[in-house]
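Each chain, written out:
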Amino acid sequence: MVAEYSKPLPNPLHRETSRPFWEAARRHELSMQRCTACGRLVWYPRELCPFCLSSALEWARLSGRGRLHSYTVIHQPANPAFQGDVPYIYAIVELEEGPRIVSNLVECAPEQARIDMALEAVYDDVTAEVTLVKFRPAGQ
Ligand SMILES: [Zn+2]
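In this text the structure is predicted, and so the values were computed from the model without any measurement.

Secondary structure assignment for the protein yields one helix and eight strands. N-terminal to C-terminal, the α/β element order of the protein is α-β-β-β-β-β-β-β-β. In terms of overall size, the protein behaves like a compact globule, its C-alpha atoms giving a radius of gyration of 16 Å where 140 residues would be expected to give roughly 14 Å. Each principal axis of the C-alpha distribution contributes one length, and for the protein these read about 45 × 35 × 25 Å. Residues counted as buried form 34% of the 140 residues belonging to the protein. Excluding contacts between residues fewer than 6 apart, the proportion of contacts in the protein whose partners are at least 24 apart in sequence is 50%. A total accessible area of about 8400 Å² is found for the protein, and carbon and sulfur atoms account for 49% of it. If you average the places of the 15 positive and of the 17 negative side-chain charges in the protein, the two averages end up 4 Å apart.

Next comes the structure, spelled out in structure tokens:
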């Protein structure tokens, strides 16, 4: 944990709906909603399944494993708070369970990033309340 963390933190619009995701992240687990009516995983957190409109959503723990679906290397961040991090990798990760999640690829030099490389989740405890889910090359 970095006590003086001063970058913007995620500010979920629907705090109650997404609370289990953030609580899981604090436990260093990746969690996502699963619809008990149609069985599909739902990302991002919602009140209704986007596939069948059921409200029967439960939370499921995922493996945290995935592959790099796409990425870009950030040299000029939109928010100046992240200027000290450049260059960093903004990644779309395809989880082994199927859904794609936007995150950062860390512990990987930009020139070492490769589409479809195996990744695993890592958990960045940026404050006492907030843990960010990021990804790194698998097997490190
Ligand atoms: Zn459904």
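On we go.
Let's shift gears to the layout of surface pockets. What the largest pocket holds in volume is close to 840 Å³. At the level of secondary structure, the elements contributing two or more residues to the lining of the largest pocket comprise α1 (15-26), β5 (88-95), β6 (100-105) and β8 (131-137). The greatest single-element share of the lining of the largest pocket, amounting to five residues, is contributed by β6. Grouping the amino acids of the lining of the largest pocket by side-chain chemistry returns 21 nonpolar, four polar and four charged. Estimates place the volume of the second largest pocket at around 250 Å³. If you go around the second largest pocket, the residues you meet are Leu-9, Pro-10, Pro-12, Arg-15, Ser-18, Arg-19, Trp-22, Glu-23, Arg-26, Glu-129 and Val-130. A breakdown of the residues in the lining of the second largest pocket according to their chemical character gives five nonpolar, one polar and five charged.

Pairing within the open sheet is antiparallel, and its three strands lie in the order β2-β1-β3. Two strands close off the open sheet at either side, each with one partner strand: β2 (41-42) and β3 (57-62). Pairing between strand β1 (residues 30-35) and β3: six bridges, direction antiparallel. The partner of Ser-31 across the bridge, within β3, is Arg-61. Packed onto the sheet, α1 meets β1 and β3 and runs at close to 145° relative to β1.

It is worth spelling out the pattern of salt bridges at this point. If the charged atoms of two oppositely charged side chains come close together, the side chains can form a pair. Scanning the model with the defined rule gives nine salt bridges in all. When the shortest N-O distance is used, the salt bridge between Arg-61 and Glu-29 registers 3.4 Å. One end of the pair, Arg-61, is in strand β3; the other, Glu-29, is in the loop between α1 and β1, with 32 residues separating them in the sequence. Judged by relative accessible area, which is 59%, Arg-61 ranks as exposed. A salt bridge links Glu-96 to Arg-65; the shortest N-O distance between them is 3.0 Å. Placement of Glu-96 in the loop between β5 and β6 and of Arg-65 in strand β4 (residues 65-74) is noted, with a sequence separation of 31 residues between them. By relative accessible area, Arg-65 is classed as partly exposed at 47%. Via salt bridges that share partners, Arg-27, Glu-29 and Arg-61 belong to a single interconnected network.

About the cut-offs
Residues numbered from 1 in each chain as written. Predicted model: local features only at pLDDT ≥ 70, side-chain atom pairs only at ≥ 80, totals over all residues. Heavy atoms only, no water. Helix = DSSP H or I, 4+ residues; strand = E, 2+ residues; numbered from the N terminus. Rg over C-alpha atoms; globule rule 2.2 N^0.38 Å. Buried < 20%, exposed > 50% of the residue type's maximum accessible area, 1.4 Å probe, protein only. Contact = heavy atoms within 4.5 Å. Areas by Shrake-Rupley, 256 points an atom, 1.4 Å probe, with all protein chains shown as cover. Lys, Arg positive; Asp, Glu negative; His and termini not counted. Charge placed at Lys NZ, Arg CZ, Asp CG, Glu CD. 1 Å grid on protein atoms, 1.4 Å probe; cavity = no way out; pocket = protein on both sides within 12 Å on 5 of 7 lines; lining within 4 Å. Points joined across faces, edges and corners; volume = space filled by probe spheres on them. Nonpolar A, V, L, I, M, F, W, Y, C, P; charged D, E, K, R; others polar. Pairing = 2+ DSSP bridges. Axes fitted to C-alpha atoms, helices over the stretch in contact; angles between N-to-C directions. Salt bridge = Lys/Arg side-chain N within 4 Å of Asp/Glu carboxyl O.

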